[in-house]
Structure formats: C-alpha cells, structure tokens
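A look at the structure
Here is how the chains run, residue by residue.
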Amino acid sequence: MTRRSLFAALAAASLKAQQPEPVPDPAKPRFGSSAPKRDKPMLCMYSGDLAKLHYAQIGDVAAQIGFEGIDLTVMIGGHVDPRITNVDLVRAFESIRGSNLDVPMITTAINTPADATIYPVLYLTAHSQIPLFRLGLWQYGQSKDIRQRLQQVRLELAQILALAQRCGITAMFPNHAGAYVGEAVWDAQIVIGDMDARWIGYMFDPAEATAEGGLGGWEAALRLALPRLRAVSLQDFYWEKSGAEWKIRKCPLGEGMVDWEKFFGLLASSRFTGPVSIATEYAPQNVMGALSKDLEFARKHVDRAWSAKGSESRS
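One structure accompanies this document, and this report is about it. (Residues numbered from 1 in each chain as written. Predicted model: local features only at pLDDT ≥ 70, side-chain atom pairs only at ≥ 80, totals over all residues. Heavy atoms only, no water.)

**What to know about the packing of helix α4 (residues 118-126) against helix α5 (residues 146-167)**
Convention followed: Convention adopted: a line fitted to C-alpha atoms gives each axis, helices being fitted over their contacting stretch, and angles between N-to-C directions are expressed from 0 to 180 degrees. Strands here are runs of E lasting at least two residues and helices are runs of H or I lasting at least four, both read from the DSSP assignment and numbered beginning at the N terminus. Angle categories: roughly parallel below 35 degrees, roughly antiparallel above 145, roughly perpendicular from 65 to 115, and oblique for all the rest. Working rule for handedness: look at the near helix, and if it is turned counterclockwise from the far one by less than a right angle, call the crossing left-handed; if clockwise, right-handed. Should any heavy atoms of two residues lie within 4.5 Å, those residues are counted as being in contact. Only Asp, Glu, Lys and Arg are considered charged in this grouping, and only Ala, Val, Leu, Ile, Met, Phe, Trp, Tyr, Cys and Pro are considered nonpolar; every other residue, Gly among them, is considered polar.
Axis separation between α4 and α5 bottoms out at 9 Å; the angle between their running directions is 30°. The angle between α4 and α5 falls in the class roughly parallel. With respect to the hand of their crossing, α4 and α5 are arranged in right-handed fashion. Mapping the contact onto sequence places Ile 118, Tyr 119, Leu 122, Tyr 123 and Ala 126 in α4 and Ile 160, Leu 163, Ala 164, Arg 166 and Cys 167 in α5. Among the residues making up the contact of α4 with α5, the classes are represented as nine nonpolar, no polar and one charged.

The structure is reproduced here in structure tokens:
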C-alpha cells in the first residue's frame, strides 16, 4: 500500500470511525503477510536512544550496529509527533524498512480515550502491517482507594481497546517501577485479566520488575505475564544511596541486579519469539558504543538460551 492510498484510506476511515467494522482474523500473521516464522526473539533498538537524529537516519544507524528492528517512539518529543501523524508516520516506517529493518511495534504515550490522535496513529500503524503498540503510563497519584483507581483505568483502557480492535492492532501494558498502575503486574492483571488477549497483552521489563519485586517478585511477575507476553524491554539497574535516599541507577546490561540467565531461560522455555526492545537509559557518553555493547550482550544470551531449548526439544 502506498503512502497516498494510506492517507486516502485514513480519511475514509475517519468518516466511519463510529461504525462497527469486522474483527481481523487472529489466525493471520500479525507481522505482515510475508513475514517468516521466527524461532527466536527479534532484537530491536528503542528509537528514543537516538532522539537527536531524524527518523530518516535511525534505520541506517541501527542497521550498522546490527539491530534487526526498531521500536519507534510515536509521542510528543519522540521521533514522530502524533499531532502530525499524517505527515511523518508512514514516512518513518518506509525509511526504516528501506534500511532492511522491521518495525514490529511503536511506543506511545496513549493513556486516555480523550486523546484525539489515537485513531489516526493506530489506523496508520496497523495498516502499515505493524501489529503492536506500547501504551503510556497511568499513575496511581493521590488515590486513596487503589481498587477504585484500577477500575477507572480499566474503563479508560476498554475505550482505547475499542479503537485498537477497529484498527486491528494489539496494545501492550508496560510494567514500570514507582507509583504506576502495572508496577507489580498483578495490579495490571486486575485491569486486563478478562479482556480479549488478541487486543491487550504485556510488555515486560525485568529491570522494572526486579526494582519492584526484589529476589523473587520479578519471577512471579514474569510468570503471570507470560501467557499474554507480546514484547520485552531490556535495561539494567542497581540501587544507589544518595544522601539519605536510595535511588535506582540505570546501567549497561549485565552490570546491574537483573538475573539475566534465569530471565532468558524462562523466556526461552515459554517459546517466546516476540520483539525485544533494548533501551540505554543510563545516558552513556558514547551512545553508539553503548548500543553495540548492550546488543551484543542480549544477542549472546538469546542465542545461548534458545539454542539450549532447541537441544532439549530434540533430545
């Protein structure tokens, strides 16, 4: 589908956005009709790591480093501003694919059905054969009644998912340490537990889960997320004392507190083959070198874990 035909389709779709549309067949491939079946995860660069570069440049840079795909930021301050989606979004997809990379997902700040940019973003993304989008964050804020706050988030999410289903794209709920809904995964499970798994799943971050769950909590959170796991975000951290406070200090993969051997082993055992987004949130001086090092670390663990699982299956 050309860019012109996509925009024409979007204009037509906007006129009938309130009308029910047929639900896409979940049995069809979600990464494009010609996408080959994968036997291990796709290692992607989180585009926010190259925030200073134009979207037309990030594909070539990521390909030179060795990434297989891009997790594209579609948010205010990201590589594509959702307020001008019709101008830049499809061009960004075309540019990245022109570098022989895939775009398996986008990262958004979507967390309210009142956002007028949701429909054009999701429509153009889905019709560009991109199956997944990461939701934004919901804060607990000053809510004294946690269950009431979870119910409020559930109602808002249901309205967002109605648009996602109409477009044919699946949302992913991220876990994020701090006062955010989904910080421990069990709370997100209360929100999405009985929702249609075709349209809502998890994007799991082991560092955020370790910060919230400690020694065993992260594993319980991952096991809870696995049946709905659509993508993974990779970063590492350690606790650092600053004055009287303990703070999370982000660091290169393998230099922090995440139990990577166990984490990748659990993923491989579950036969997960979805996208893995690698984020360097520790502000390295040499961004390119840091991206290359983190990618090498992740690829080594993926190759070892999935090869071991394959050997077990053959024995």
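Still more ground to cover, so stick around.
**Notes on the packing of aromatic side chains**
The test is simple: Working definition: rings of Phe, Tyr and Trp (its six-membered ring) pair if their centres are within 6.5 Å, and the pair is stacked with planes under 30 degrees apart, edge-to-face with planes over 60 apart, and tilted otherwise.
Scanning the entire structure with this criterion turns up nine aromatic pairs. Between Trp 260 and Phe 263, the aromatic rings sit 5.9 Å apart at their centres with planes inclined by 80°, giving edge-to-face as the arrangement. Of this pair, Trp 260 and Phe 263 are both found in helix α8 (residues 260-269), three residues apart, which corresponds to roughly one turn of the helix. Pairing Trp 260 with Phe 297 gives two aromatic rings, centres 5.8 Å apart and planes at 75°, and the pair type is edge-to-face. Of this pair, Trp 260 sits in helix α8 while Phe 297 sits in helix α9 (residues 287-314); the two residues are 37 residues apart in sequence, bridging distant segments of the chain.

**Some thoughts on α8**
Where we set the bar: The buried label applies to any residue whose accessible area, calculated with a 1.4 Å probe on protein chains only, is under 20% of its type's maximum; exposed applies above 50%, and partly exposed to all values in between.
Restricting attention to buried positions, one finds in α8 the residues Trp 260, Phe 263, Phe 264, Leu 266, Leu 267 and Ala 268. Count one or two residues on from α8 and you reach Arg 271, which has phi positive near 65°.

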